[in-house]
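# Examination of the molecular architecture
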Amino acid sequence: SWLRVLRIIRVFRAARILQFSGWFRECQLIIASLVRGILPIFFVLLAVLFIMFMSALGMTQSVQGHLMSDREALNDAKLKDYYGSLWRTMFTLFMAVSNGEQWSELLEPLRELSDGMYLFVFLVYIVSVKFGVLNILLAVIVIFVTDIRDCDHQAKMDAKSEQMQKTISDFKL
């Protein structure tokens, strides 16, 4: 048990040495920016979830309404798999945004339901989430990394200035 404690102390000592290396400083920069920006990132992800939920709700209601009026469409297995319930529709929309499935496969059951309304709604969702909201998420992360980098650079400059002041004062003596 004492040997384990000594090993743990050695690991912490080795980790402390890594703290001063240049590449570990970059990792610290990224981790610090993510920790500092976790709340804005959370709210952007919440916005993505809200847009996904509202889009899925509208698509599911439309598909269910169409299924009630056209009983032959009830036999379509892909339509039920992709758009049979709210959670399945949300999962389908998530797959569309995250490249989990090809858009053509996800749109295939919807093409049979209407002449293009579902295609338009689906593409508006893709454009708004993939090219809009996810770019905002990336921008938030970049802003926080830049802010942390600037603070880190300022701290380095202050330390260097302090060291020069000390060297000058030592030189005067």
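Notes on the structure in this doc start here. In this text, all values refer to a predicted model and were calculated from it rather than measured experimentally.

On to the pattern of salt bridges. Overall, the coordinates contain 1 salt bridge when judged by the stated rule. Across the pair E108 and K78 runs a salt bridge whose closest N-O atoms are separated by 3.8 Å. Of this pair, E108 sits in helix α6 (residues 103-111) while K78 sits in helix α4 (residues 77-83), and the two are 30 residues apart along the sequence. The class for E108 is partly exposed, based on a relative accessible area of 35%. Residue K78 is classed as partly exposed on the basis of its relative accessible area, which comes to 33%.

Let us look at the nonpolar core. By size, the foremost hydrophobic cluster in this structure holds 30 residues, and its most contacted members are V63, Y83, L110 and F122. For this core, the leading source of residues is helix α7 (residues 117-172), giving 9 residues. For Y83, the residues in contact, after removing those within four places along its chain, are M59, T60, V63, Q64, K78, T89, T92, L106, L107, P109, L110 and F122.

Let us now look at the packing of helix α3 (residues 38-69) against helix α5 (residues 86-97). Remark: α3 packs on α5, axes separated minimally by 9 Å, with the N-to-C direction vectors making an angle of 125 degrees. Between α3 and α5, the crossing angle belongs to the class labelled oblique. Both α3 and α5 take part in a crossing whose hand is right-handed. Counted together, L49, M52, F53, S55, A56, L57, M59 and T60 of α3 and L86, T89, M90, L93 and F94 of α5 form the full contact between these two elements. Here the contact of α3 with α5 is built from residues that sort into 10 nonpolar, 3 polar and no charged.

Two aromatic rings are characterised by how far apart their centres lie and by the angle between their planes. Considering all chains together, one arrives at 2 aromatic pairs under this definition. Residues Y82 and Y83 carry aromatic rings whose centres are separated by 6.2 Å and whose planes lie at 75 degrees to one another, so their mutual orientation is edge-to-face. Residue class for Y82 comes out buried when judged on its relative accessible area of 13%.

Here we come to a nonpolar patch on the surface. On the surface, I38, L39, F42, F43, L46 and L49 cluster together into a nonpolar patch covering about 600 Å² of accessible area. For L46, a relative accessible area of 41% gives the class partly exposed.

Now for the environment of I41. If you trace the backbone, I41 turns up in helix α3. Distance in space between the C-alpha atoms of I41 and L138 is 9.0 Å, their sequence separation being 97 residues. Ignoring any residue separated from it by four or fewer positions in sequence, one finds I41 in contact with L34, L137, V140 and I141.

So, how was this worked out
Residues numbered from 1 in each chain as written. Predicted model: local features only at pLDDT ≥ 70, side-chain atom pairs only at ≥ 80, totals over all residues. Heavy atoms only, no water. Salt bridge = Lys/Arg side-chain N within 4 Å of Asp/Glu carboxyl O. Helix = DSSP H or I, 4+ residues; strand = E, 2+ residues; numbered from the N terminus. Buried < 20%, exposed > 50% of the residue type's maximum accessible area, 1.4 Å probe, protein only. Core = buried A, V, L, I, M, F, W, Y, C linked by side-chain atoms within 4.5 Å. Contact = heavy atoms within 4.5 Å. Axes fitted to C-alpha atoms, helices over the stretch in contact; angles between N-to-C directions. Parallel < 35°, antiparallel > 145°, perpendicular 65-115°, else oblique. Left-handed = near helix turned anticlockwise from the far one by under 90°. Nonpolar A, V, L, I, M, F, W, Y, C, P; charged D, E, K, R; others polar. Phe/Tyr/Trp six-rings, centres within 6.5 Å; stacked < 30°, edge-to-face > 60°. Patch = residues over 30% accessible without salt bridge, like charges linked within 9 Å, V, L, I, M, F, W, Y side chains within 5 Å. Areas by Shrake-Rupley, 256 points an atom, 1.4 Å probe, with all protein chains shown as cover.

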